[in-house]
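What the coordinates show
Each chain is listed here by its residues.
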Amino acid sequence: MLRTALRPRFLGLFALCVLIAIAFGQLGRWQLGVAEDTASREALAQARSLTPVDLTTVLAPHTAFPGELGTRPVTATGAYADQGQVLVPDRLLGGVSGLWVITPFVLDEGGATLPVLRGFVEDPQEAGAPPTGTLTITGALAPGESPVTGTLPEGQIGSVDLSVLVNTWPGDLYNAFVFLAAEDPVAGAQLTKVPTPVAPSGLKWRNAAYAVQWWVFAAFAFWMWWRMVRDAADEGREESDGLEGADDGMPVPAGDNGAREHA
């Protein structure tokens, strides 16, 4: 069968199968990307359509962050602390590198502190001081980020690491931070808001099924090639067996190796 597969005809067909598999594989990857993007857009649209609820009704300080609260719109009333603001470097917004501005927000109810992502700046000097006075903020909840090690300038941290903030800011701390969307009343210079990220949302199964379908087509091309090679090898074997059978049935001419006549 290997000899049959190495014939120029079948080598050419194999190369064609490789091209077909590459094309179908890329189409499958495209459909998988569509499935992920569609599911993400739907999840974000659904989260944004929810009516904001008071933070204190869904989360308490120092408690584990429930996964279902990811991107959940909430409101909180209190005031920004006049000290403790930190910057998170190496962040991108619209393809521009900059820093996140994280400011402690002390709630009127209970006095616990909520980290608030007030916005994005390209230069640390642009962060400025937070607004003063009592405010009601609206934004989307997110869990803290994983620690990032490394040496940074004073006033900067590698990520929104709540284990760092709880040891930096006094009092109780919520095990979450908020992507700020609005402040009421609007006060002071406003930073560029960071859009709420999309929470993990799985796949849009219809498009995912299309992706699998393209990959099955790619595998089918190789199966068809193998089947053609096997059939050709079987036909060659049958022809060879037929010729051998025909040779066995032919009479052997008389001669030195043939039967001798006896007088």
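Details of the structure are given in the entry above.
Residues numbered from 1 in each chain as written. Predicted model: local features only at pLDDT ≥ 70, side-chain atom pairs only at ≥ 80, totals over all residues. Heavy atoms only, no water.

So, the overall build of the protein chain
How we decide: By definition, any uninterrupted DSSP run of H or I lasting at least four residues is a helix, any uninterrupted run of E lasting at least two residues is a strand, and each is numbered from the N terminus. When a residue's accessible area, from a 1.4 Å probe over protein chains only, is under 20% of the maximum for its type it is buried; when over 50% it is exposed; and in between it is partly exposed. Residues count as neighbours in contact if any of their non-hydrogen atoms are within 4.5 Å of one another. Throughout, the Shrake-Rupley method with a 1.4 Å probe supplies accessible areas, and for residues the shown protein chains are the sole cover considered.
Regarding its fold elements, the protein chain presents 4 helices and 7 strands. Traced from its N-terminal end to its C-terminal end, the protein chain shows the element sequence α-α-β-β-β-β-β-β-α-β-α. The buried share of the protein chain, taken over its 263 residues, is 33%. Here the analysis covers contacts within the protein chain between residues at least 6 apart in sequence; of these, 71% occur between residues at least 24 apart. For the protein chain, the computed accessible surface area is about 16,000 Å², with 57% contributed by carbon and sulfur atoms.

Concerning a nonpolar patch on the surface
Heads up, the rule is: Every patch collects residues that have over 30% relative accessible area and no salt bridge, joining them within 9 Å if they carry like charges and within 5 Å if they are nonpolar side chains (Val, Leu, Ile, Met, Phe, Trp, Tyr). When a carboxyl oxygen of Asp or Glu lies within 4 Å of a side-chain nitrogen of Lys or Arg, that pair is called a salt bridge.
A grouping of V212, W215, V216 and F217 is seen on the molecular surface, where their side chains present a nonpolar patch of about 350 Å² in accessible area. Tracing the backbone shows F217 in helix α4 (residues 205-248). Residue classification places F217 among the partly exposed residues on the basis of a relative accessible area of 36%.

With respect to the side chain of Q156
Turning to its location among the elements, Q156 is positioned in the loop between β6 (135-142) and α3 (162-165). Assessed through its relative accessible area of 18%, Q156 is described here as buried. Among residues more than four places away in sequence, those in contact with Q156 are L87, P89, L99 and P124.

Some points on the pattern of salt bridges
Overall, the coordinates contain 1 salt bridge when judged by the stated rule. Among the ionic pairs, R91 bridges to E145, the shortest N-O distance being 2.7 Å. Within this pair, whereas R91 is found in strand β3 (residues 86-93), its partner E145 is found in the loop between β6 and α3, the two being separated by 54 residues in sequence. A relative accessible area of 14% means that R91 is categorised as buried.

A few points about the packing of aromatic side chains
Rule in force here: Aromatic rings from Phe, Tyr and Trp, with only the six-membered ring used for Trp, were paired whenever their centres fell within 6.5 Å, and each pair was classed as stacked if the ring planes differed by under 30 degrees, edge-to-face if by over 60, and tilted otherwise. Only when the NZ of Lys or the CZ of Arg is both within 6 Å of the ring centre and within 35 degrees of the ring normal is a charge said to sit over the ring.
With the rule as written, the count across this model stands at 3 aromatic pairs. Aromatic side chains Y80 and F105 sit 5.1 Å apart centroid to centroid with 75° between the ring planes, which places their arrangement in the edge-to-face category. In this pair, Y80 sits in strand β2 (residues 73-80) while F105 sits in strand β4 (residues 96-107), placing the two residues 25 residues apart along the sequence. Accessibility assignment for this pair places Y80 and F105 in one class, buried. Centre to centre, the rings of W100 and F179 are 5.6 Å apart; their planes meet at 80°, and the pair counts as edge-to-face. Of this pair, W100 sits in strand β4 while F179 is found in strand β7 (residues 177-184), placing the two residues 79 residues apart along the sequence. You can call W100 buried: its relative accessible area is 9%. We note R118 situated over the ring of Y80; from NZ or CZ to the ring centre the distance is 5.9 Å.

In short, geometric facts, not functional conclusions.
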